[in-house]
Amino acid sequence: MALAPIDLTDRRVLITGATGQVALPVVAAYAKAAEVFALARFRRDEDVARIRDLGAVPIRADLGDPASLRRLPADIDYVLDFAVARSGRWDVDLRTNAEGIGDLMMQLPHAKAVLHCSSAAVYAYRGPAPHREDAPLGDNHRAFFPTYSISKIAAESTVRLCARRLGVPATIARLSVPYGDNGGWPFYHLVAMRNGAPIVVHPERPNLYNPLHVDDYLEKIPRLLAAASIETTTVNFGGSAPVSIEEWCAYLGDLTGLTPTFTDDPEAFGSLRLDTDRMHELIGPTRVPWREGVLRMVRALTPDALRPEHRPR
Ligand SMILES: NC(=O)c1ccc[n+]([C@@H]2O[C@H](COP(=O)([O-])OP(=O)(O)OC[C@H]3O[C@@H](n4cnc5c(N)ncnc54)[C@H](OP(=O)(O)O)[C@@H]3O)[C@@H](O)[C@H]2O)c1
């Protein structure tokens with residue numbers, strides 16, 4: 001039986017990376033019931049107004065600058081950590097991603113639970129086989145994002161250390177391909193298809209992932225908080241159904257009349273299929289069928305790309 005979700009109503013929830021692809025819909029959804037504090041550097045001023053319009057309180061802070069975290073609101077109940085730096089600079093990305101969550105947790109030693117968003121990119125490549133949480137880790141994304149995998153692995157260790165030393169329960173969720181009405185990787189593939197550009201894939205096909213729809217992660221996050229433990233609960237976090245890039249691009253082709261073309265590149269990320277057994281045990285299966293999620297995404301973002309029969313009525 002999956003864990004019951006934590007009720008966030010009227011709770012004080014700090015969400016980092018609040019302006020990003022993954023977290024912005026979380027801010028929008030949870031600010032309806034919880035008191036949401038939305039942390040980012042807010043390098044674009046318009047994001048401050050956007051966050052306020054969603055009913056959340058913007059907190060301008062830099063996870064690479066511990067001094068800026070001293071002004072955080074007190075009595076935060078739950079932390080949802082989605083911030084990520086992808087500067088490609090080792091000093092910046094290790095400091096922000098790996099150490100920043102440590103500074104944040106030490107600043108909030110009374111939090112009831114912390115959810116740290118990690119990535120399936122922490123796993124070493126091993127072809128189409130599913131990765132269980134104890135599978136070997138590796139520098140998976142080096143070819144395109146040189147600092148990413150290693151700084152995400154380092155961040156996980158920081159979370160475990162801080163949870164244990166502070167007595168703050170934590171969950172590490174290793175996220176796979178988030179997507180929804182605000183985009184995601186399949187949307188970039190559609191853009192490539194519309195531009196007549198080839199989609200770069202690993203030669204060992206099919207390239208399998210576990211795309212996770214926004215609606216599903218909104219429903220699961222309070223359950224992931226319920227799963228938090230002082231020894232840190234580490235769990236894969238993706239859609240229950242494995243789907244390949246080739247499959248979702250073929251479906252995008254069906255929806256639009258475009259034909260995807262693929263280019264093999266041994267440096268491409270390659271399959272990162274998740275073993276979802278632990279996830280199912282803790283938080284249950286996901287619900288949004290991937291074809292439905294992808295159709296909704298295209299309808300929301302580029303309805304003109306769709307064949308007439310698929311356009312919203
Ligand atoms: N998107 C994916 O396909 C994917 C897949 C697997 C896992 N993930 C994980 O999901 C989480 C969210 O990713 P995302 O794609 O939504 O990221 P994103 O769109 O790049 O957003 C990053 C967020 O982090 C904030 N940020 C960056 N540097 C910061 C700093 N020094 N201090 C404070 N905030 C900072 C950014 O805001 P400012 O620039 O305004 O500070 C922004 O709000 C990350 O943990 C990522 O590793 C994502």
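Residues numbered from 1 in each chain as written. Predicted model: local features only at pLDDT ≥ 70, side-chain atom pairs only at ≥ 80, totals over all residues.

**Overview of the overall build of the protein chain**
A count of helical and extended segments in the protein chain gives nine helices and 14 strands. Scaling as 2.2 N^0.38, a compact globule of 313 residues should have a C-alpha radius of gyration of about 20 Å, and the protein chain matches this with 19 Å. Counting only C-alpha atoms and orienting by the principal axes, one finds that the protein chain spans roughly 55 × 45 × 45 Å. Within the span of the protein chain, comprising 313 residues, buried residues form 47% of the whole. Summarising the internal contacts of the protein chain: among those between residues at least 6 apart in sequence, 76% fall at separations of at least 24. (Helix = DSSP H or I, 4+ residues; strand = E, 2+ residues; numbered from the N terminus. Rg over C-alpha atoms; globule rule 2.2 N^0.38 Å. Buried ≥ 20, exposed ≤ 12 C-beta atoms within 10 Å, placed from the backbone. Contact = placed C-beta atoms within 7 Å.)

**Some thoughts on the site of the ligand**
Taken together, 27 residues sit near the ligand, with G17, G20, V22, R41 and S119 positioned nearest. When its residues are assigned to classes, the shell around the ligand shows 15 nonpolar, eight polar and four charged. (Near = placed C-beta within 6 Å. Nonpolar A, V, L, I, M, F, W, Y, C, P; charged D, E, K, R; others polar.)

**Considering the sheet that holds strand β7 (residues 178-180)**
Judged by pairing direction, the sheet is mixed, and its three strands sit side by side in the order β8-β7-β11 without closing on themselves. Strand pairing shows two members of the sheet lacking a second neighbour, β8 (183-184) and β11 (212-213), which therefore form its edges. As judged from the two bridges shared by β7 and β8, these two strands associate in the antiparallel manner. Residue pairing for β8: G180 is matched across the bridge by G183. (Pairing = 2+ DSSP bridges.)

**Overview of the nonpolar core**
A general feature of soluble globular proteins is that nonpolar side chains tend to end up buried together. Grouped together as the largest cluster of nonpolar side chains are 92 residues, with contacts concentrated most on I15, V27, V36, A38, V79, V114 and L115. Among the elements that make up this core, the one with the highest residue count is helix α4 (residues 148-166) (seven residues). Here L115 is in contact with V79, L80, D81, T171, A173, I221, L224 and L225, once residues within four sequence places are set aside. (Core = buried A, V, L, I, M, F, W, Y, C linked by C-beta atoms within 7 Å.)

**Side note on helix α9 (residues 290-301)**
The first and last C-alpha atoms of α9 sit 16 Å apart over 12 residues, in line with the 16 Å expected at 1.5 Å per residue. Looking only at α9, the buried set comprises W290, G293, V294, M297 and V298. Viewed end-on, α9 has its buried residues packed into an arc of 130°, placing them on one side of the element. Packed against the buried residues of α9 are β7, α5 (185-194), β11, β13 (243-244) and α7 (245-256). (Expected span 1.5 Å × (residues − 1). Arc of directions from axis to C-beta.)

Interpretation note: all reported values are geometric properties and have no functional meaning in isolation.
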